[in-house]
Amino acid sequence: MKRAKIALIGGGQIGGVLAQLCAQRELGDVVMFDIVEGLPQGKMLDLAEVARMDQFDVELKGTNSYADIAGANIVIITAGLPRKPGMSRDDLLGINAKIMKQVAEGIKEHAPEAFVIVISNPLDAMVTLCQKVTGFPPERVFGQAGVLDSSRFCAFIAWELGVSVRDVNAMVLGGHGDTMVPIVRYANVNGIPVMEQLERKYGDKAKAKEVMDAMVQRTKMAGGEVVKLLGNGSAFYSPASSAIAMAEAVLRDQKRVLPVCALLRGEFGVDNYYVGVPCVLGDGGVERIVEFELDAEEQAMFDNSVNAVKKLIDELPTILPEMADILKS
Ligand code: APR
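Reference entry: report on the structure contained in this document. (Residues numbered from 1 in each chain as written. Predicted model: local features only at pLDDT ≥ 70, side-chain atom pairs only at ≥ 80, totals over all residues. Heavy atoms only, no water.)

1. Remarks on the sheet that holds strand S7 (residues 168–173)
- Ordered in space as S7-S8-S9, the three strands form an open sheet in which the pairing is antiparallel. Each edge of the sheet is formed by a strand with only one pairing partner; in this case those strands are S7 and strand S9 (192–193).
- By the bridge criterion, five bridges tie S7 to strand S8 (residues 181–189) in an arrangement that is antiparallel. The residue bridging Leu-173 from the neighbouring strand is Val-181, located in S8. (Pairing = 2+ DSSP bridges. Helix = DSSP H or I, 4+ residues; strand = E, 2+ residues; numbered from the N terminus.)

What follows is the structure, given as structure tokens:
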């Protein structure tokens, strides 16, 4: 059977890890596109020369031509600038919107049947722009953010409780910014509520809440924590692994329920905005948004997060005046 084809747009830090994971898991042949000449070719050659050790049989190609992404089943976009210490993701809007427009035009022309997973920041605005430019159905264009934010939240809970992170389930919804919404109420260790475990550990409800609040806050700022430590660039292992989980769910039709930046059409009280919600991911892309009842406090935080996304979307026509009509549709 013919192997799947995965196109990576952006051959930087995240792009490199994406390629390695695609190869090691034999998800399909990989084409890495970048505007920098030699960079994607060099990375793919280096990776191809590892096949003997890592035992994979996939084709790897680096390119500076969009024509080479033709026939891609999935495109994963990391093109764009990462943040520098002190910057928020939103500060990247002006520069990355221009890059995303170019990238989306290239995908529209050369891989019109592909599913598209966006990683570039500010994520919710970049996914919106990508869908508007490509005109692809929204179930084929979605963003990676919640899988990573949730994974970070799970890691902090596991470290706090001294349990394997594999047994921790916790979800982060909303926009991929400082207003993201970790859902504390349903955080659990193999079904056992995390809050109850914290209360037992500290013997005190107030202290348990304080510890949870600190983990929530750390989750919201986790990307910035890495940026500050690195000094140059932003997280790359974790966004890459998270996007690969999503790509794999689509390629292997896994029907996984993952938090995905998806277009809402009335769900969670939001109409026509991309934001992070639980979705069923399978070979139809975003096959279903899994709605559930938020309590009043969660809904207020979710609405606040959506408003932050709306603000960025409202800025797009100023950055890309030639697209004003499409952006308002
Ligand atoms: N088309 C294609 N690639 C581009 C373009 C473009 N127009 N402009 C820049 N790039 C490439 C750069 O040449 C670089 O190789 O995008 C790559 C980005 O790689 P890094 O700078 O290493 O950034 P990375 O850490 O991979 O993050 C990429 O993902 O998580 C987000 O905030 C992060 O927006 C950033 C993106």
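2. Notes on the nonpolar core
- Core analysis: the biggest nonpolar cluster contains 93 residues, and Ile-9, Ile-76, Ile-77, Ile-107 and Phe-302 have the highest contact counts within it.
- Residues contacting Ile-77, with those up to four places away along its chain left out, are Ile-9, Met-100, Val-103, Ile-107, Val-116, Ile-117, Val-118, Ile-119, Ser-120 and Cys-130.
- Formed by 19 residues, the second largest nonpolar core is a distinct cluster that contains Ile-157, Val-168, Ala-208 and Ala-222. (Core = buried A, V, L, I, M, F, W, Y, C linked by side-chain atoms within 4.5 Å. Buried < 20%, exposed > 50% of the residue type's maximum accessible area, 1.4 Å probe, protein only. Contact = heavy atoms within 4.5 Å.)

3. What to know about helix H5 (residues 123–134)
- The end-to-end C-alpha distance of H5 is 16 Å, a good match for the 16 Å that twelve residues give at a rise of 1.5 Å each.
- The element H5 is largely enclosed, with a buried count of twelve among its twelve residues.
- Restricting attention to buried positions, one finds in H5 the residues Leu-123, Asp-124, Ala-125, Met-126, Val-127, Thr-128, Leu-129, Cys-130, Gln-131, Lys-132, Val-133 and Thr-134.
- Positive backbone phi, approximately 70 degrees, marks Gly-135, located one or two places after H5. (Expected span 1.5 Å × (residues − 1).)

4. Focus: the side chain of Lys-220
- Positionally, Lys-220 belongs in helix H8 (residues 205–220).
- Within the buried core, Lys-220 has no salt-bridge partner, and the shortest N-O distance to an opposite charge, that of Asp-213, equals 8.9 Å.
- When sequence neighbours within four positions are dropped, the list of residues in contact with Lys-220 reads Asp-178, Met-180 and Pro-182. (Lys, Arg positive; Asp, Glu negative; His and termini not counted. Salt bridge = Lys/Arg side-chain N within 4 Å of Asp/Glu carboxyl O.)

5. Topic: the pattern of salt bridges
- Taken as a whole, this structure holds 16 salt bridges when the rule is applied.
- Between Lys-205 and Glu-199 there is a salt bridge, and its shortest N-O distance comes to 3.6 Å.
- The partner of Lys-207 in a salt bridge is Glu-210, with the nearest N and O atoms 3.6 Å apart. Taken as a pair, Lys-207 and Glu-210 lie in helix H8 at a separation of three residues, close to a single helical turn.
- When salt bridges that share partners are traced, they join Asp-253, Lys-255, Asp-283 and Glu-287 into one network.

6. Structural notes on the environment of Glu-225
- Take Glu-225: it is sitting in helix H9 (residues 222–230).
- Overall, Glu-225 belongs to the partly exposed group, its relative accessible area being 32%.
- Considered as a pair, Glu-225 and Ile-244 are 19 residues apart in the sequence and their alpha carbons are 23 Å apart.

7. A short note on the site of the ligand
- Taken together, the neighbourhood of the ligand is formed by 22 residues, with Gln-13, Ile-14, Asp-34, Thr-78 and Leu-81 sitting nearest.
- Between Gln-13 and the ligand, the recorded distance is 2.8 Å, taken from a backbone N or O atom to an oxygen atom.
- Between the ligand and Asp-34 there is a distance of 2.6 Å, counted from an oxygen atom to a side-chain nitrogen or oxygen.
- If the ligand stood free it would expose 730 Å²; the protein chains cover 88% of that surface.
- Secondary-structure elements contributing two or more residues to the shell around the ligand are helix H1 (13–24) and helix H4 (93–110).
- The leading source of residues in the shell around the ligand is H4, at four residues.
- Taken together, the residues of the shell around the ligand break down into twelve nonpolar, nine polar and one charged. (Near = heavy atom within 4 Å. Polar contact = N/O pair within 3.5 Å; in protein donor to acceptor, adjacent residues only side chain to side chain. Areas by Shrake-Rupley, 256 points an atom, 1.4 Å probe, with all protein chains shown as cover. Nonpolar A, V, L, I, M, F, W, Y, C, P; charged D, E, K, R; others polar.)

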